[in-house]
Amino acid sequence: MTKRDRSKAAEPDDSQPTEVIFVERQFPVVLRWPLIWGLIIILVGMVPWSISTANDYSWQPLAVNWMMLVGVGLLFYWGYHFIGWYFTVLILTDKDISFIKQRGPFRRDVQCLTLNNVQNVNYSIPGMQGAIFKFGNLNIETLSGSGHLRIKTLFKPAELQAEILEAMQALPSTGKA
């Protein structure tokens with residue numbers, strides 16, 4: 001058997017299409033701090049305008065331009081964080097788990113774990129706010145110790161844990177008995 005034949009035998013069987021079980025985003029509560037900081041930026045940006053209108057200074061057009069600049073900067077700030085939230089997803093297929101973490105428009109981190117290597121799936125609810133809004137953290141551990149997947153602020157992590165465990169049980173057994 002040649003090296004080429006051995007590599008073809010070792011390749012995964014891609015004749016069956018991969019079935020996507022779910023695609024889940026982080027809970028929108030991750031956007032709370034950018035929202036709070038954005039509101040503070042609005043308040044700070046309005047200070048020159050409020051001073052110029054109250055005292056009838058001649059620099060009122062400059063204050064209006066300052067407010068427009070702050071508004072455009074704020075839209076970029078919120079857009080950056082919204083893109084990061086919107087394109088950060090957890091994808092479960094019948095063969096693997098992928099977590100794509102987007103940070104702004106250009107930076108992306110991708111972690112993939114095959115379901116065969118998953119040893120343990122745990123979740124935690126972080127306090128009263130997590131219990132009220134039903135979000136929590138998901139921890140996925142592997143057999144090989146090659147990497148653990150820790151995903152924060154997912155909606156209904158208990159249901160996601162059940163889906164992952166169900167997908168693991170649906171895998172065909174590779175051990176020979």
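Every chain is numbered independently, its residues counted from 1 as its sequence is written. Given that this is a predicted model, residues contribute local features only at a pLDDT of at least 70 and side-chain atom pairs are listed and counted only at 80 or more, while totals for whole chains, interfaces and linings are drawn from all residues. Values shown for side chains rest on all heavy atoms present in the structure; no hydrogens or waters enter the calculation.

1. Details of the overall build of the protein
How we decide: Elements are defined by DSSP. Helices are runs of H or I of four residues or more, strands are runs of E of two residues or more, and each kind is numbered from the N terminus. Summary of the burial criterion: residues with accessible area below 20% of their type's maximum are buried, those above 50% are exposed, and those between are partly exposed, where the area comes from a 1.4 Å probe applied to protein chains only. Methods summary: accessible areas were calculated by the Shrake-Rupley approach with a probe of 1.4 Å, and residue burial reflects only the protein chains presented.
Across its full length, the protein carries five helices and seven strands. Reading the protein from its N end, one meets helices and strands in the order α-β-α-α-β-β-β-β-α-β-β-α. Split into buried and exposed, the 177 residues of the protein put 27% on the buried side. Carbon and sulfur atoms make up 61% of the accessible area of the protein, which totals about 12200 Å².

2. So, unusual backbone geometry
In this structure, threonine 153 is a non-glycine residue whose phi angle is positive, near 55°. Note on placement: threonine 153 falls in strand β7 (residues 149-155). Even without a glycine there, the phi angle at lysine 156 is positive, about 50°. In this fold, lysine 156 is placed in the loop between β7 and α5 (157-169). Given the relative accessible area of 30%, lysine 156 is considered partly exposed.

3. A look at the sheet that holds strand β5 (residues 118-124)
Rules: By the convention used here, strands pair only if DSSP detects at least 2 bridges between them. Only C-alpha atoms enter the line fits that serve as axes; for helices the fit covers just the stretch in contact. Angles between N-to-C directions range over 0 to 180 degrees. The contact criterion used is simple: two residues touch if any of their non-hydrogen atoms lie within 4.5 Å.
The three strands are arranged β5-β6-β7 in an open sheet whose pairing can be described as antiparallel. Edge positions in the open sheet fall to β5 and β7, since each of these has one partner strand only. The sheet shows a mean angle of 20° between the axes of neighbouring strands, direction not considered. Two elements, β5 and strand β6 (residues 135-142), share six bridges in a ladder whose sense is antiparallel. Note on β6: the bridge partner recorded for asparagine 122 is asparagine 139. Those strands touched by α5 are β5, β6 and β7, and its axis lies near 165° from that of β5.

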